[in-house]
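# Observations on chain architecture
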Amino acid sequence: RPLRLIARAPGLRVLISAMFSSVKPILGTIAIAISVYSLLGLVGMQILLGSMGTCSDTKIKFMRDCWGQTAEGEAREWINNSANFDVLPVAVVTMFTLATQDDWPTLTFAGIDAIGQRLQPEGSKYAGYMEVESAIQNANPNFFAFYFLSIMVGGYLVLNMFVSVFVDGYLNAAEQMKIQKEKEERERVGE
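Residues numbered from 1 in each chain as written. Predicted model: local features only at pLDDT ≥ 70, side-chain atom pairs only at ≥ 80, totals over all residues. Heavy atoms only, no water.

### Some remarks on the packing of helix α5 (residues 104-112) against helix α6 (residues 143-190)
In the contact formed by α5 and α6, the axes pass within 9 Å of each other and the chain directions differ by 150°. With respect to their mutual orientation, α5 and α6 come out roughly antiparallel. Note that α5 runs across α6; the crossing there is right-handed. Side by side, α5 and α6 meet where Trp104, Leu107, Thr108, Gly111 and Ile112 of the first sit next to Phe143, Phe144, Tyr147 and Ile151 of the second. (Axes fitted to C-alpha atoms, helices over the stretch in contact; angles between N-to-C directions. Helix = DSSP H or I, 4+ residues; strand = E, 2+ residues; numbered from the N terminus. Parallel < 35°, antiparallel > 145°, perpendicular 65-115°, else oblique. Left-handed = near helix turned anticlockwise from the far one by under 90°. Contact = heavy atoms within 4.5 Å.)

Structure representation (structure tokens):
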């Protein structure tokens, strides 16, 4: 039944043809996207490696001191932000998350509030998954330029390449269908 529907609906036929003709260009675009996200991830690793974690006890400043129990009897643990720049695969996923602009303010503020490797960020209400307020907020405001560049390049350039590949595939498929239809009409008239 689905194949009959595709055969009878010319618009659906164009859409399916466009999807299949776009596979090869999409693979090339994926390679470009992974390359760009890897490059941006490497830059992120250079400036934020090991700095996107926090201790569950906000009074602790260093990772080395984040062990044992708090005064309330709760266990201390070092919590890495799920989107971080500690290893390249996670950095690439973080870049993709920034490109899709999914929760980008949280990621941006966590990076801006980072003060060094294995140090508790101070002042970030977005540090980890807990509310934290203290003296130093926005410790590295110049990191905003990195996040802005990542969103511009990854979000508006690379993701729009995917859209343009699909649109181009659709237009090519529609043109081929039109040529095929005209050819069939000429053959019918010529008979």
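### Things to note about the packing of aromatic side chains
This structure, assessed with the given rule, holds four aromatic pairs. Their ring planes at 70° and their centres at 5.9 Å tell us that Phe85 and Phe146 sit as a pair that is edge-to-face. Placement of Phe85 in the loop between β2 (78-80) and α4 (88-99) and of Phe146 in helix α6 is noted, with a sequence separation of 61 residues between them. By the burial criterion, Phe85 is buried, and Phe146 matches it. Among the aromatic residues, those joined into a ring-pair cluster are Phe85, Phe146 and Tyr147. (Phe/Tyr/Trp six-rings, centres within 6.5 Å; stacked < 30°, edge-to-face > 60°. Buried < 20%, exposed > 50% of the residue type's maximum accessible area, 1.4 Å probe, protein only.)

### Remarks on α5
Residues Thr106, Leu107, Thr108, Ala110, Gly111 and Ile112 constitute the buried set of α5. Of the surrounding secondary structure, the elements contacted by the buried residues of α5 are α3 (23-48), α4 and α6.

### Some remarks on the confidence of the model for the chain
Residue-level pLDDT values for the chain average 81, and 85% of them are 70 or greater. Ranking the elements of the chain by mean pLDDT puts helix α1 (residues 2-8) last, at 66, and α4 first, at 93. Under a pLDDT of 50 for its full length, residues 124-135 has, in the predicted model, 28 contacts with residues more than four places off or in other chains. (pLDDT = per-residue confidence, 0-100.)

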